Amino acid sequence: MNPRPRFSIVICNYNYDKYVGAAIRSCLDQSYPRELFEIVVVDDGSTDDSRAVISEFAPERNLHVIVQDNAGQMAALAAGVAHASGDYVCLLDSDDLFLPNKLERLAEHLDSLAPIPEYFFLCHDEIVRNESSRDSESLSWFDLTTIRQLGNYLHLANSNSYFPFSTPCGQVLSIALARRLAAAIPSSDWRNGGADQIIGHSALLVAEGVHYLREPLSVYRIHGDNSQVTDGRFVPRPEARNRWPKCLAFLESFIDTLDLDHGERGERLAYLHRMARIVRSSSRLPRYVTPIATFVVLDDGEARHLGASLAAVLASTYSRTEFVLVTDDETRFRRLPGHLRGTDVRLVRVPRVQHSRAKWLRAGLASSRGDYIAFVRSGDRPDPVFMEQHVYVHRFCSLTGVTSSDIRIVDDAEVLLHVGVFSTAGLWRQPLQVFAPLSTALGEWRLAPLSANVIRRSTLFDRFMDLLDSCPNAQVNRMSAWLTLQFALATAGATRINECLLSYRVSESAAANYAALLCPQDDDEEPRSPNLSEAALFLSELYCRFLPQFEGGLAPNWHEQFGHWVRAELSAADLATLAAIVGRNGVASLFRGTSA
């Protein structure tokens, strides 16, 4: 076992005489040996009774008090860090609390991570106690901010969140990192708040990543107007967004002071680019409800493939993600490791029969609450930022029915075969390419395989899935995945994202080539040429059966174009079949304005 670490607890206080005594007491009550930690209290020019409260603890031998004129939160923190002598600095706002076992559990966890790098950053979970609520409800910070969905370590290259950190009472920094930040961050720029924001992102740039300890070891107290929790979500104060231009400007200049090679510098600049994009997209809008996005995982019968896909989707960084598993055998899921069997995964059991893919898609959709849906084939692994990127494009870039991203190819042994399949082939050249509804023929394929797509849900899409599920035509069922994307493209258009966001699995017998990936696949995952006549007949029947929904949701000129679009693939025999199904009036409504 390594020597037990020494901790320095830095408490910054300004006019919190009501709370600071409890904060100090929570530190003194630690189960960790007194000689292995110190408490540094910085009073930043309080004008209330704070100093009198703090002086009551003066006899404590491991308590140090610094009194200074009011200079702001960052200046108080820098003063505390300058006085710290421990191996690690634990931050604590004066209105928050440490749980009695915090330092003990930190020491045990640090020992399990050894060796510890010089620049080390850790965030643990917190109990969020809403003291403004009559119920005094207690929540988990990791649940409120979706950190729970991440792994035990977040590298900055995978971070796509507004604030992937704990509040100060849940942050732990190595003494070297704390001193580096205290020396680099100008106190005057954060005199009136914002230190939490700049410290977290600066620490991530230096340390390269943040470790997560999934235990609540402190209490973050919500009171007055210091924070807000609405509908189970943490809502930052408006001024936090207003500080972002200054924050991003500092972080960009801060990167230039770090000793980085070309690749490391590029990773940090890419991180800032993502933060800037998130802030721009959200700061210009009122507080609209964030849409729900659903991953529907389609179990193929092999536990190793299922485990790989579930681990990937559960790591999603998107703030409102839900998870649905469609399987024919729940025991396969029950045998997976415990961290993959959380209550977050909703199970849907559907018997496996020949050409049952349509039923599985429909069952997954019916069990989801998502506004955006991704159907993930078992063994395929979306990146943590997959849903975040897709939903961002849906909401802020182009109003289309489906987004499709580039892929990397891996084999059954998870050996990487190729990265950026479509962009490296020259098929996808633009960062974002939009295809209007009906702008491509039914036989032309412009998207990636099913798992690499996110579909915007609508009433029309739900009706399509209902009819697809009940269709007795085996050929239609064989191409159900391809037809699902074609329907979304035909009715609402598509956006292609020239960014590799998913690992696509190919079996040993499959050919990893562009031609195979551009074909629809059967339940046995063999590429097949689509039966365009059957597809057009199915879509024509769908249109005639749900004409009011089509007319209510699509522009008038779309209907005339749709008639031409399907007519190109229908034979005289198909037209006769269609008339027998929907009647002559139905056929007439379909081909309005055409010569059919």
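Residues numbered from 1 in each chain as written. Predicted model: local features only at pLDDT ≥ 70, side-chain atom pairs only at ≥ 80, totals over all residues. Heavy atoms only, no water.

Attention now moves to the overall build of the protein chain. For the protein chain, the helix and strand inventory stands at 23 helices and 22 strands. The burial tally for the protein chain puts 56% of its 596 residues in the buried class. Once local pairs closer than 6 in sequence are excluded, the contacts in the protein chain between residues at least 24 apart make up 80%. Entry remark: accessible area of the protein chain is about 24,500 Å², with carbon and sulfur atoms responsible for 50%. (Helix = DSSP H or I, 4+ residues; strand = E, 2+ residues; numbered from the N terminus. Buried < 20%, exposed > 50% of the residue type's maximum accessible area, 1.4 Å probe, protein only. Contact = heavy atoms within 4.5 Å. Areas by Shrake-Rupley, 256 points an atom, 1.4 Å probe, with all protein chains shown as cover.)

By the element assignment, Ser378 lies in the loop between β16 (372-377) and β17 (381-382). Among the polar contacts listed, one links the side chain of Ser378 to the backbone nitrogen of Leu306, at a separation of 3.2 Å. (Polar contact = N/O pair within 3.5 Å; in protein donor to acceptor, adjacent residues only side chain to side chain.)

In terms of burial, strand β4 (residues 88-93) is a largely internal element, 6 of the 6 residues being buried. Residues of β4 alternate between two faces, with Tyr88, Cys90 and Leu92 on one and Val89, Leu91 and Asp93 on the opposite face, all of them buried. Pairing geometry for strand β1 (residues 7-13) and β4, over 6 bridges, is parallel. Counterpart to Cys12 in the pairing with β4 is Asp93. (Pairing = 2+ DSSP bridges.)

Enumeration over the complete set of coordinates arrives at 24 aromatic pairs. Ring geometry for Phe7 versus Tyr32: centroids 5.5 Å apart, planes at 65 degrees, classification edge-to-face. Separated by 25 residues along the polypeptide, Phe7 in strand β1 and Tyr32 in the loop between α1 (20-28) and β2 (37-44) bring together distant segments of the chain. In this structure, Arg377 is placed above the aromatic ring of Tyr504, and the distance from its NZ or CZ to the ring centre is 4.2 Å. (Phe/Tyr/Trp six-rings, centres within 6.5 Å; stacked < 30°, edge-to-face > 60°. Lys NZ or Arg CZ within 6 Å of the ring centre and 35° of its normal.)

The pLDDT averaged across the protein chain works out to 85; a share of 88% of its residues lies at or above 70. Ranking the elements of the protein chain by mean pLDDT puts strand β11 (residues 228-230) last, at 52, and strand β9 (residues 171-174) first, at 98. (pLDDT = per-residue confidence, 0-100.)

Let's shift gears to the pairing of strand β6 (residues 121-130). In terms of residue burial, β6 counts as a mostly covered element, since 8 of its 10 residues are buried. Where β6 and β9 come together, 3 bridges link them in antiparallel fashion. When the bridges of β9 are listed, Leu122 appears paired with Val172. As defined by bridge partners, β6 adjoins strand β10 (residues 209-222) across 8 bridges and the pair is classed as parallel. Bridging across to β10, Val128 finds its partner in Tyr220. Note that β6 and strand β7 (residues 138-140) share 3 bridges and pair antiparallel. Across the sheet, Arg129 pairs through a bridge with Ser138, a residue of β7.

This next bit is on unusual backbone geometry. With an omega of 0 degrees, the peptide bond between Ala114 and Pro115 qualifies as cis. One can find Pro115 in the loop between α4 (102-113) and β6. Of note in the backbone geometry, Glu208 takes a positive phi value of approximately 80 degrees without being a glycine. Within the secondary structure, Glu208 is located in the loop between α7 (195-207) and β10.

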